[in-house]
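Below, each chain spelled out in residue letters.
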Amino acid sequence: QKEVEQNSGPLSVPEGAIASLNCTYSDRVSQSFFWYRQYSGKSPELIMSIYSNGDKEDGRFTAQLNKASQYVSLLIRDSQPSDSATYLCAVNSGGGGNKLTFGTGTQLKVEL
Amino acid sequence: DTEVTQTPKHLVMGMTNKKSLKCEQHMGHRAMYWYKQKAKKPPELMFVYSYEKLSINESVPSRFSPECPNSSLLNLHLHALQPEDSALYLCASSPLGTGIGGNQPQHFGDGTRLSIL
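Let us look at the structure shown here.

Criteria and thresholds
Residues numbered from 1 in each chain as written. Chains lettered and ligands numbered in written order. Predicted model: local features only at pLDDT ≥ 70, side-chain atom pairs only at ≥ 80, totals over all residues. Heavy atoms only, no water. Helix = DSSP H or I, 4+ residues; strand = E, 2+ residues; numbered from the N terminus. Rg over C-alpha atoms; globule rule 2.2 N^0.38 Å. Pairing = 2+ DSSP bridges. Salt bridge = Lys/Arg side-chain N within 4 Å of Asp/Glu carboxyl O. Buried < 20%, exposed > 50% of the residue type's maximum accessible area, 1.4 Å probe, protein only. Axes fitted to C-alpha atoms, helices over the stretch in contact; angles between N-to-C directions. Phe/Tyr/Trp six-rings, centres within 6.5 Å; stacked < 30°, edge-to-face > 60°. Lys NZ or Arg CZ within 6 Å of the ring centre and 35° of its normal.

Once that is clear, we can look at the overall build of chain B. For chain B, the count of helices and strands is zero helices and 11 strands. Put simply, chain B runs from its N terminus to its C terminus through helices and strands in the order β-β-β-β-β-β-β-β-β-β-β. Its C-alpha atoms give chain B a radius of gyration of 14 Å, within 12% of the compact-globule value 13 Å for 117 residues. When the backbone C-alpha atoms are referred to their principal axes, chain B occupies close to 45 × 30 × 25 Å.

Residues and elements named next belong to chain A. In space, the five strands of this open sheet follow the order β1-β3-β8-β7-β6, with antiparallel pairing throughout. Two strands close off the open sheet at either side, each with one partner strand: β1 (4-5) and β6 (54-58). Bridge analysis of strand β3 (residues 19-25) against strand β8 (residues 71-76) gives six bridges, and the strand direction is antiparallel. In the strand pairing of β8, T24 is matched with Y71.

Moving on: the pattern of salt bridges. According to the stated counting rule, one finds seven salt bridges over all chains in the structure shown. Across the pair R77 of chain A and E57 of chain A runs a salt bridge whose closest N-O atoms are separated by 3.4 Å. With R77 of chain A in the loop between β8 and β9 (85-92) and E57 of chain A in strand β6, this pair connects stretches of sequence that are 20 residues apart. Its relative accessible area of 27% is what places R77 of chain A among the partly exposed residues. Here R60 of chain A ties to D83 of chain A by a salt bridge, and the two come within 2.9 Å at their closest N and O atoms. Taken together, the residues span a long stretch of sequence, with R60 of chain A in the loop between β6 and β7 (61-66) and D83 of chain A in the loop between β8 and β9 at a distance of 23 residues. You can call R60 of chain A partly exposed: its relative accessible area is 26%. Among the charged side chains, a salt-bridge network with shared partners connects K36, R63 and D85 of chain B.

Before going further, it helps to examine the sheet that holds strand β1 (residues 4-7) of chain B. All names here are of chain B. A sheet is described by the order of its strands in space; here four strands give the open sequence β1-β3-β8-β7, paired in antiparallel fashion. Lying at the two open borders of the sheet, with one neighbouring strand each, are β1 and β7 (64-70). The mean angle between the axes of side-by-side strands here comes to 20 degrees, regardless of whether they run parallel or antiparallel.

Glancing now at the packing of aromatic side chains. Within the structure shown, the criterion is met by nine aromatic pairs over all chains. With centroids separated by 4.9 Å and ring planes inclined at 45 degrees, the aromatic side chains of Y25 of chain A and F33 of chain A adopt a geometry described as tilted. Side by side, Y25 of chain A and F33 of chain A carry an identical accessibility label, which is buried. Ring centres of Y36 of chain A and F102 of chain A lie 5.8 Å apart, and the angle between their planes is 50 degrees; on these two criteria the pair is classed as tilted. One end of the pair, Y36 of chain A, is in strand β4 (residues 32-38); the other, F102 of chain A, is in strand β10 (residues 100-102), and 66 residues separate them in sequence. The buried category is assigned to F102 of chain A, whose relative accessible area is 9%. Aromatic rings pair up to connect Y36 and F102 of chain A together with Y33, Y35 and F108 of chain B into one cluster. Between R60 of chain A and the ring centre of F61 of chain A, over which it is positioned, the NZ or CZ distance is 5.6 Å.

Bear in mind that shape data such as this cannot, by itself, settle questions of function.
So, in structure tokens, the structure goes:
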């Protein structure tokens, strides 16, 4: 059973702080890793893709991947109230079909 | 607004009705997906189409019938649904083949919120 685990939260951070969201996965052959943001009642929106070990930055977002530890994280700098949402970690283990396994999501609340 | 368009946005139907959900994308993606999402749960994969052919069926009950008429369109035909089928139904698309080091990301439509009476 391939699993992707996240803390469900809620994770509360003050406005302007760094939010750190974590995700672990069980399948060692996983190749592709994605972070999606989902506002309540809306569909998932792709924020970041990461494929190689290390950091990948895009604006206020940084994804970090450590395949040896089977760990992927998302840092949000200068958190804003509009960042309040559920963040879904998704892992693709390769092979045919481009099948994603989602974590249960972490609810982030950015407080004024 | 997303580049994957789903209609209708909301659907209420009785257990004996037949209805269809529609999904359209014009990004040239050759993989399309149906997901089901219940409240406070992650999306659950239902079907995957690759090059307009069904490549994955996650043991979905036959009351859900997918169809991919062409590379831009994906339908989900519904018949004799149960109340527990009430959920948000998401369509997604992606390029096929690998990106840098791995598979391409999937892009979701806004979803159809389905209620079964």
